[in-house]
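The residues making up each chain are set out below.
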Amino acid sequence: MLDRAGAPLVTRTLTDPRPAADELLIRVRACGVCRTDLHIRDGELPRASTPVVPGHQIAGEVVARGAGATRFDLGARVGVTWLASTCGRCAWCLSGRENLCPDARFTGCDRDGGFAELTVAREAFCHALPDAYDDVRVAPLLCAGAIGYRALRLAGDAANVGLYGFGSSAHLVAQVAAARGQRVFAFTRAGDESAQRAARDLGAEWAGASTDGAPRPLEAAIIFAPVGELVPLALRAVAPGGVVVCAGIHMSDIPSFPYALLWEERQVRSVANVTRADVTALLRHAGEHPLRVLAEAMPLDRAEEALERIRSGRVAGSLVLVP
Ligand SMILES: [Zn+2]
Ligand SMILES: [Zn+2]
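Predicted model, so just to flag it, every value in this text is computed and none were measured.

> What should I look at first to understand the overall build of the protein chain in this one?
On a plain count of helices and strands, the protein chain comes out with eight helices and 15 strands. Computed over C-alpha atoms, the radius of gyration of the protein chain comes to 19 Å, within 12% of the 20 Å expected from 2.2 N^0.38 for 323 residues, which places it in the range of a compact globule. Put simply, of all contacts in the protein chain between residues at least 6 apart along the chain, 71% involve residues at least 24 apart. Here the protein chain displays about 13900 Å² of accessible surface, and carbon together with sulfur accounts for 50% of that area. Of the side-chain charges in the protein chain, 35 are positive and 36 negative, and the distance between the mean point of each set is 2 Å.

> Can you help me understand the coordination of the zinc ion (ligand 1) in this one?
For the zinc ion (ligand 1), the protein coordination sphere consists of C34 (SG), H56 (NE2) and C143 (SG), at 2.0 to 2.2 Å. The sequence motif formed by the donor residues of the zinc ion (ligand 1) is C-x21-H-x86-C. Of this pair, H56 sits in the loop between α1 (35–41) and β2 (58–65) while C143 sits in the loop between α2 (135–138) and α3 (144–154), and the two are 87 residues apart along the sequence. By relative accessible area, H56 is classed as buried at 0%.

> Quick question: what am I supposed to make of the coordination of the zinc ion (ligand 2) here?
Note on metal geometry: ideal angles are 109.5 degrees for four donors arranged tetrahedrally and 90 or 180 degrees for six donors arranged octahedrally. Around the zinc ion (ligand 2), the protein contributes the donor atoms C87 (SG), C90 (SG), C93 (SG) and C101 (SG), at 2.3 to 2.4 Å from the metal centre. Relative to the metal, the four donor atoms surrounding the zinc ion (ligand 2) lie at angles of 106 to 117°, and the coordination shape comes out tetrahedral. Read in sequence order, the donor residues coordinating the zinc ion (ligand 2) give the pattern C-x2-C-x2-C-x7-C. The two residues C90 and C93 agree in class, both being buried.

> In this structure, what is going on with helix α4 (residues 168–179)? I would like to understand it.
In an α-helix, one turn spans 3.6 residues, which is why side chains three or four residues apart end up on the same side. Of all the 12 residues making up α4, 10 are buried; the element is thus mostly covered by neighbouring parts of the structure. The set of residues buried in α4 consists of S168, S169, A170, H171, L172, V173, A174, Q175, V176 and A177. The inward-facing, buried residues of α4 abut α3, β8 (160–164), β9 (183–188), α7 (276–288) and β15 (318–322). Among the residues trailing α4, G181 stands out with phi positive, at a value near 85°.

> Honestly, the sheet that holds strand β12 (residues 238–246) in this entry has me stumped. Any pointers?
Strand pairing in a sheet relies on backbone hydrogen bonds, with the paired strands running either antiparallel or parallel. Within the open sheet, the six strands sit side by side as β10-β9-β8-β11-β12-β13. Their pairing is parallel. Edge strands, defined here as strands with exactly one partner in the open sheet, are β10 (206–209) and β13 (267–270). Taking the axes of each pair of neighbouring strands and ignoring which way they run, one obtains an average angle of 20° across the sheet. For β12 and β13, the ladder comprises four bridges, and the chain directions are parallel.

Basis of the calculations
- Residues numbered from 1 in each chain as written.
- Chains lettered and ligands numbered in written order.
- Predicted model: local features only at pLDDT ≥ 70, side-chain atom pairs only at ≥ 80, totals over all residues.
- Heavy atoms only, no water.
- Helix = DSSP H or I, 4+ residues; strand = E, 2+ residues; numbered from the N terminus.
- Rg over C-alpha atoms; globule rule 2.2 N^0.38 Å.
- Contact = heavy atoms within 4.5 Å.
- Areas by Shrake-Rupley, 256 points an atom, 1.4 Å probe, with all protein chains shown as cover.
- Lys, Arg positive; Asp, Glu negative; His and termini not counted.
- Charge placed at Lys NZ, Arg CZ, Asp CG, Glu CD.
- Donors = N, O, S within 2.8 Å, 3.2 Å for Na, K, Ca; no water.
- Buried < 20%, exposed > 50% of the residue type's maximum accessible area, 1.4 Å probe, protein only.
- Tetrahedral: all angles 85-135°; square planar, octahedral: opposite > 155°, others 65-115°.
- Pairing = 2+ DSSP bridges.
- Axes fitted to C-alpha atoms, helices over the stretch in contact; angles between N-to-C directions.

This is the structure we're talking about:
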């Protein structure tokens, strides 16, 4: 768990959580590690409260239910995501944008998450998981996949899509986009041959350095790396009317750039969180079009090491903690 922002994660024995009436008690089988967990650990997300158990890509088994929780049977396999709860009444909740609810709570951020043996979650925010994926491989779909899916949706029906930063999200999104008939162009750090090879293996038609121009004009670019310098580079790569979608929850400052890069109706926008509908749609896609999930399992007590590996940026696909 994380005692305070900026401190390393430590192993602690906690009392077992008890489910409220509308909650499930879940035995965690696998929990994916997300760059957001690193931002929380480093104190870059002001809303995170500590102490907290991080982790918001949880695949687990229902072991107890609150008195009012009847949607899943005991023993059912469920997934828990970043979106832990919303108010259900505000203008955003009532217009299909619960990801923007001002009263939303987030798993592993302002309530305990899945870097643990047990966790509790509101059953209305839990998801049934596709049978074709084991626990380690399904976990990265719950945030990396779902955020990427939302970003791709907000990128519109672009024929040519650029992905900046080829890690946990992009390796899944590349496959979703390719399955939809979109042409994928992957931009990585200069000289990162293994990421470029992985991108080509997973459906990208071209892979190169972020500083290289795109081989053809793109209708959309999605930035997964938390690097503000990529925004002007991506704007340079998109055609008139194109969109640059920033998919991370945190990004370094964007350097100033000439208005000419935004001119001709180019747009820059962000993606904030996910809705339950995004997760459901991605899981349905994953059930119908098998995704190759590059996932490496690590024992739960090596969570701090997993975060450091994400920081280094040298992870092929996703890291997943297993209690
Ligand atoms: Zn995440
Ligand atoms: Zn709301």
